[in-house]
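# Structural overview for review
Chain by chain, the residues:
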Amino acid sequence: GKRQWIVLDGPVDAIWIENMNTVLDDNKKLCLNSGEIIKLSVVTTMLFEVRDLDYASPATVSRVGVVFLEPDTTLGWKAPVLTWIDTLPDYVLKHHREQIVQLFMGRPVMENLVMAAGAAVSGAPTVQEIMDSIIKGHEGTYAGAPFTMSILDADKIVLTWKAPGSCPAVTRLCGGAADYTAARQQQGTPTLAEIQVLTLPNLAGQADKTFTLEVDHCMPTSEYSGGYYTLFLEIVKRVKTPFAVNNNWMAISTCRLLESMIYDRKEKFIMPDPADWEKALLAEEFSLAEIDTQDDDDFWLKHQTPVKREGVLTMIFLFACAWTCGAATDGAGRLFFDQVFKCIYDSKKGDLAKWEFVCFEETEFYSSQYKEDVRLKELIFSPWPLQRSVPVYDVYMDTEDDFRWKPWTDRLAGFDIPKDTPYHAIIVPTADTERNQFLIRTLVDRKYNLIISGPTGTAKTASINGMLLGGFDSEEFSSIAFAFSAQTTENQTQDIIDGKLDKRRKGVYGPPPGKRMVIFIDDINMPFKEEYGAQPPIEILRQNFITARLGEKQEKSFGWYDRKGWEFKTLVDLHWLAAMCPPGAGKNDITDRLSRHFNLLFVTPFDDESLNRIFSTVVGKFLSIMSKDVAASSLSVVAGTLDIYALVLKDMLPTPAKCHYTFNMRDVSKVFQGVCQCSRESLPKVEDLVKCWFHENERVFRDRLTTKQDHNWFFGKCKSQMDKHFKRQYDQIVKVEPIIFASFVDPKTTSYMEVQDHGRLLEKVDECLTEFNATQKIRMDLVLFTAFIQHVCRVVRVLNLPLGNALLVGVGGSGRKSTTTLATFVVEYQLFQIEIAKGYGLNEWHEDMKTLLMSAGAKFKNMVFLFPDTQIANETFLEEVSSILNTGEVPNLY
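Everything numeric here is computed off the predicted structure, so don't read it as measured data. (Residues numbered from 1 in each chain as written. Predicted model: local features only at pLDDT ≥ 70, side-chain atom pairs only at ≥ 80, totals over all residues. Heavy atoms only, no water.)

Let's shift gears to the nonpolar core. Ranked by size, the top nonpolar core spans 114 residues in total, and within it Phe104, Tyr229, Phe232, Ile262, Ile316 and Ile524 carry the most contacts. Per element, the largest residue contribution to this core is 10 residues, and it comes from helix α13 (residues 306–322). Apart from the residues within four sequence positions on either side, Ile316 is in contact with Leu258, Met261, Ile262, Phe269, Ile270 and Met397. If you look at the next biggest cluster of nonpolar residues, it comprises 50 residues, including Ile644, Tyr661, Cys676 and Cys692. (Core = buried A, V, L, I, M, F, W, Y, C linked by side-chain atoms within 4.5 Å. Buried < 20%, exposed > 50% of the residue type's maximum accessible area, 1.4 Å probe, protein only. Helix = DSSP H or I, 4+ residues; strand = E, 2+ residues; numbered from the N terminus. Contact = heavy atoms within 4.5 Å.)

Listed below in structure tokens is the structure:
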């Protein structure tokens, strides 16, 4: 019968793999738990594709043949790169194939071939061109002249060609890559990597005549001297990479980014010669509209000649290396990468000796075809200088100014916060966000995926959300955004995505016709690992990147199986973005079988300049309505808060007893958000601003501390920072302790301001409690005291903030529910709780969630959802609450 293959691709665990033992025996029987036995036909073969065999027993391994593939040794990174080079546009390969191979791998070891005639040959084909003729069917062209290849026997190849009447001078026979794998060679055809001796006639003055070239071959070789990319990979091995990487992944990532920039139609880094436009149009690499928009007839002749393009290719190659190899490391690693990068770019290769690199041999930026072209050297090194004091990570190539290196900040247009914009809706563009969004757009336009990793508070989510909201054309792109948690399941993941897709035709699903969909998954590494190390949500996502051959025609498809009908659903026009914290310190990693489909960008914490720019812009805007003295203190507010954050981050470290002592830039932002609640009436003098600043720091940082000792430490640091940045003494400006700010005490105003009369505050809370007991069915008989009133004010502060959410931690009976209930009544919001009863399950929960979300979203009611830990009857409840906090919805609820 017809041969059948069953492919099992995924992680191995000790349960299902042991069930395969009887299938792998000669009798090929599958024994089910029900007692049923299914016998497989003799033409059925099992094929396992797994990452490792950690949980496979010797009994299983002994029944299969094992082929072990080691990416960095068995395959190596050069073969994928050479394969990728063959896919580049013809107008790039025509002039720059040798250059690109040379940049990645250096020169072939067998570069200087022996010529029998002993003379330079005009019009001779290069090594790579001869090799191409062998691979592509024994024929080809060189400089417009056809040549054919015939194989006499295993030891002799005859190349016949007619020398053109006019050819560029070729001073050596070299050329390029001969590192072809056996799978790409025709059987019985010797590769050019095996050639050692060339027997050539002297073609000087022999134009337009036909000649024969005999090529003998001997021992094979495919070694290269080691190019710039080999050096960059060695740097990656030397520096710290928070996200585990390997050479193959880095090389493929660099190829993706380089290809994306070559095809980038917005920036227009690389363009064809005028003579190559027709061919590029036929290949659909450009559109007629792009040609019609060029008003200057000489534009491409002046700016995209092969010589000029050679220099631009060098620049985008180095840029791609910086944002793949150089973007996989932390801040210290970037400094080292930048130093080496500058030595290479400034041609100070002698300085590299101090680092004792073992994989690098000095080579050129450009190919042999343009080696003697003086213009190229001028193009590379004269108009495009890279300042030693400016890191390579801070610059980009300005295509509108002759490809000069310029700071990313030059791309930031004048930013002005629109009037009445709420604090939480403001995103201040910085060099980091601008650069991240450039990389996102460039890769997604070429249908590649990106994963951003970095510490909490480094604008990973903000950068991606900024692109989803305004960076992509809404006519061409739609989007989905959701977050993983520790309890996310594979079924939830599949349902979220399936629920947003339309049916294109039978078995094919995707975004609305004519659109592409960008799917953003935040915290992609959060799902809990099973006993055997697998993460089911990750594995279901990975199915979208695995090629499935379906039907009699074995058409290539990507997707997954429908859980109801077990039909394969082909998913089309989907692009993936992901964000995650780096693995370690209790955070999971993700399998490299998924991550390899993404380009990696590791983002480092903001530098002081970026932080000051962001927060000074926001705080300065909100304080601009205040008096001159108060508005002039905005920089002190920013500097003081950042100093306190640095102190807390350094000294208040998490311990087993204080595991919640984790702080990030979101906490800093909350301090400024609290200050920006104030009005001109709230802060008439600088002293009032200082007290508000002190209060907001206490609410954000001190309220998370648990011991009296930590409270006293923080109080002392705040006082010292007050004296340092505001030149004010705490004892001189604070007349009433503790400092309390509220907006509900004075009936004449709703401004967020200091409560100077604590007795009046007590009376107001007592009034609210009395009114609550008079209007509600369930009374609260509470004794009011200062600590409880402070808690009420803290919860009221959070509820008044947009997107304000609070986690109240305390032992049973400490007043968490009473505090929330009274605070909700004070701000005149509506309290919502679920009622747990016997038989309360997911259906009842979803009905309650519909009621809550409809009240808030459709009826515009201010709702407070009180969810005690005693009501978490199902882990799914917590999962869906997390989804509401992250995206504002419960997936597939309606």
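From this point, things continue past the structure.
Right, let's get into the environment of Cys692. You can see Cys692 is positioned in helix α25 (residues 686–700). Filtering out sequence-adjacent residues up to four positions away, Cys692 remains in contact with Val675, Cys678, Leu683 and Phe741.

Here we take up the pairing of strand β15 (residues 502–505). Of the strand pairs in this sheet, β15 and strand β16 (residues 508–510) are connected by 3 bridges, and their pairing is antiparallel. Counterpart to Arg505 in the pairing with β16 is Val508. Connecting β15 to the next strand, β16, in antiparallel fashion are 2 residues, including Gly507 with a positive phi near 80°. (Pairing = 2+ DSSP bridges.)

For the rest of this paragraph, the subject is the packing of α25 against helix α26 (residues 708–726). Where α25 contacts α26, the axes come no closer than 11 Å and their chain directions differ by 150°. Along this stretch, α25 crosses α26, giving a crossing that reads as right-handed. Side by side, α25 and α26 meet where Val690, Trp693, Phe694, Asn697 and Glu698 of the first sit next to Phe714, Phe715, Cys718, Lys719, Gln721, Met722 and Phe726 of the second. (Axes fitted to C-alpha atoms, helices over the stretch in contact; angles between N-to-C directions. Left-handed = near helix turned anticlockwise from the far one by under 90°.)

Glancing now at a nonpolar patch on the surface. A cluster of nonpolar residues, Trp5, Val7 and Leu47, forms a patch on the protein surface that exposes about 320 Å² of accessible area. When you line up the elements, Trp5 lands in strand β1 (residues 4–9). (Patch = residues over 30% accessible without salt bridge, like charges linked within 9 Å, V, L, I, M, F, W, Y side chains within 5 Å. Areas by Shrake-Rupley, 256 points an atom, 1.4 Å probe, with all protein chains shown as cover. Salt bridge = Lys/Arg side-chain N within 4 Å of Asp/Glu carboxyl O.)

Turning our eyes to something else, we now look at the sheet that holds strand β14 (residues 477–483). Pairing between the strands of a sheet is mediated by backbone hydrogen bonds and can be parallel or antiparallel. An order of β14-β17-β22-β13-β23 is seen for the 5 strands of this open sheet, with the pairing classed as parallel. On the outer flanks of this sheet lie β14 and β23 (598–602), each paired with one strand and no other. If you compare each strand with its neighbour and ignore which way they point, the axes differ by 15° on average. By the bridge criterion, 7 bridges tie β14 to strand β17 (residues 516–522) in an arrangement that is parallel.

Moving on, we come to helix α28 (residues 758–775). Compared with an ideal rise of 1.5 Å per residue, which puts 18 residues at 26 Å, α28 spans 26 Å between its outermost C-alpha atoms and is within 8% of the ideal. Among the residues of α28, those classed as buried are Leu761, Val765, Cys768, Leu769, Phe772 and Asn773. Considered in projection along α28, the buried side chains sweep an arc of 135° and stay on one side of the axis. Buried residues along α28 sit against α29 (786–800) and α30 (816–826). Backbone nitrogen of Gly759 and a side-chain oxygen of the N-cap are separated by 3.1 Å at the start of α28; the cap is Asp757. (Expected span 1.5 Å × (residues − 1). Arc of directions from axis to C-beta. Polar contact = N/O pair within 3.5 Å; in protein donor to acceptor, adjacent residues only side chain to side chain.)

A separate point is the pattern of salt bridges. For the structure on display, the rule yields 39 salt bridges. The closest approach of N and O atoms between Arg51 and Asp52, which form a salt bridge, is 3.6 Å. Exposure remark for Asp52: the relative accessible area of 27% places this residue in the partly exposed category. The structure contains a network of salt bridges with shared partners spanning Asp264, Glu267, Arg411, Glu434, Arg441 and Asp445.

This part covers the sheet that holds strand β20 (residues 559–561). If you walk across this open sheet you meet the 4 strands as β15-β16-β21-β20, and the pairing is mixed. Every other strand in the sheet has two partners, leaving β15 and β20 as the edge strands with one partner each. The average angle at which neighbouring strand axes cross in this sheet is 35°, direction not considered. Note that β16 and strand β21 (residues 568–571) share 2 bridges and pair parallel. Looking across to β21, one finds that Tyr509 is bridged to Leu571.

The description of an aromatic ring pair rests on the distance of the ring centres and on the angle between the ring planes. For the coordinates displayed, the defined rule picks out 43 aromatic pairs. Seen in terms of ring centroids, Tyr561 and Phe568 are 5.0 Å apart; in terms of plane orientation they differ by 80°. Their pairing is edge-to-face. For Tyr561, a relative accessible area of 43% translates into the label partly exposed. By relative accessible area, Phe568 is classed as buried at 15%. The structure contains a cluster of three or more aromatic residues connected by ring pairs, namely Phe232, Trp323, Phe337, Phe341, Tyr345, Tyr393 and Trp405. Positioned above the aromatic ring of Tyr263 is the side chain of Arg446, whose terminal nitrogen or guanidinium carbon lies 3.7 Å from the ring centre. (Phe/Tyr/Trp six-rings, centres within 6.5 Å; stacked < 30°, edge-to-face > 60°. Lys NZ or Arg CZ within 6 Å of the ring centre and 35° of its normal.)

Three- or four-residue spacings in an α-helix give side chains the same orientation, since the helix completes a turn every 3.6 residues. For α29, which comprises 15 residues, the first-to-last C-alpha distance of 21 Å matches the rise-based estimate of 21 Å (1.5 Å per residue) to within 8%. The element α29 is largely enclosed, with a buried count of 11 among its 15 residues. For α29, the set of buried residues is Phe788, Ile789, Gln790, Val792, Cys793, Arg794, Val795, Val796, Arg797, Val798 and Leu799. In this structure, the buried residues of α29 make contact with α24 (665–675), α25, α28, α30 and β27 (863–865).

On to the confidence of the model for the protein chain. Put simply, the protein chain has an average pLDDT of 79, and 78% of its residues get 70 or more. pLDDT under 50 marks residues 286–303. Its contacts with residues more than four places away, or in other chains, come to 28 contacts. (pLDDT = per-residue confidence, 0-100.)

Moving on, we get to a negative patch on the surface. A cluster of acidic side chains, namely Asp394, Asp607, Asp608 and Glu609, defines a negative patch on the protein surface. Its place among the elements puts Asp607 in the loop between β23 and α21 (608–623). (Lys, Arg positive; Asp, Glu negative; His and termini not counted. Charge placed at Lys NZ, Arg CZ, Asp CG, Glu CD.)

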